[in-house]
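If you want the building blocks of each chain, they are given just below.
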Amino acid sequence: MSPVNTDAAVAVVDLALRYAFVDRMDEATAELERLGWIPEPIDGDGSCLDTKWQYPPSDYMWRVYSGLAGHEFSVGLMVNTDRDSTAIALADSIRYFVEHRKELEGANYTREGASELWTDDVRMIELQVLRGSPAGPGKAIPPALQLVVSNTEKP
């Protein structure tokens, strides 16, 4: 399996932090396409999860979900990996990137179990490592990193 493309993940995180507003989604969409992500409409009804994005230059399963829920903006990044340690290393890179964003200086940081949360007046960021599970009665679930950025204010 090819190495996890940390640059691709950080680029999406950067987009989510810069464009975490409903009226900027068109700009974020254009930037995701420029970066090589491929959009696939999900339902198109204006709800959350309107679009699923795939990042094809990787053997890993990458998904970015974006859309609206009411008047809220939400972008979610899910990266499945082959090992827990790979998901943890990717989470470490993203955590470092989030913590050093100037627009998030002074944001409240909390840790709730496996989730890390940053909140400010505009957005909420949740970072979580999802441990893999072996095949049991169903399919094995690969380890993954999950990041969700959503706005906290209603327009």
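Cut-offs and rules
Residues numbered from 1 in each chain as written. Predicted model: local features only at pLDDT ≥ 70, side-chain atom pairs only at ≥ 80, totals over all residues. Heavy atoms only, no water. Salt bridge = Lys/Arg side-chain N within 4 Å of Asp/Glu carboxyl O. Helix = DSSP H or I, 4+ residues; strand = E, 2+ residues; numbered from the N terminus. Buried < 20%, exposed > 50% of the residue type's maximum accessible area, 1.4 Å probe, protein only. Pairing = 2+ DSSP bridges. pLDDT = per-residue confidence, 0-100. Phe/Tyr/Trp six-rings, centres within 6.5 Å; stacked < 30°, edge-to-face > 60°.

K.L.:
How would you sum up the pattern of salt bridges? Please name residues and give values.
P.N.:
Within this structure, the stated rule accounts for six salt bridges. A salt bridge links D92 to R95, with the shortest nitrogen-to-oxygen separation between them at 2.6 Å. Taken together, the residues span about one helical turn, with D92 and R95 both in helix α3 (residues 84-99) at a distance of three residues. Under the relative-accessibility criterion, D92 is labelled partly exposed at 39%.

K.L.:
So what's going on with the pairing of strand β5 (residues 108-112)? Which residues, and what values?
P.N.:
In terms of burial, β5 is a largely surface element, zero of the five residues being buried. Of the pairings in the sheet, the one linking β5 to strand β6 (residues 115-119) comprises five bridges and is antiparallel in character. Each residue of the ladder has a partner; that of N108, found in β6, is T119. From the end of β5 to the start of β6, which pair antiparallel, there are two residues, and G113 there has a positive phi angle of about 65°.

K.L.:
A description of the confidence of the model for the chain should follow, citing residues and the corresponding values.
P.N.:
The predicted model of the chain averages 75 in pLDDT, with 70% of residues at 70 or higher. Mean pLDDT across the elements of the chain bottoms out in strand β3 (residues 62-69) (63) and peaks in β6 (92).

K.L.:
So what about the packing of aromatic side chains? Which residues, and what values?
P.N.:
Overall, the coordinates contain one aromatic pair when judged by the stated rule. Relative to W118, the ring of Y109 lies with its centre 5.2 Å away and its plane at 55°, an arrangement referred to as tilted. When its relative accessible area of 38% is taken as the criterion, Y109 is described as partly exposed. What makes W118 buried here is its relative accessible area of 5%.

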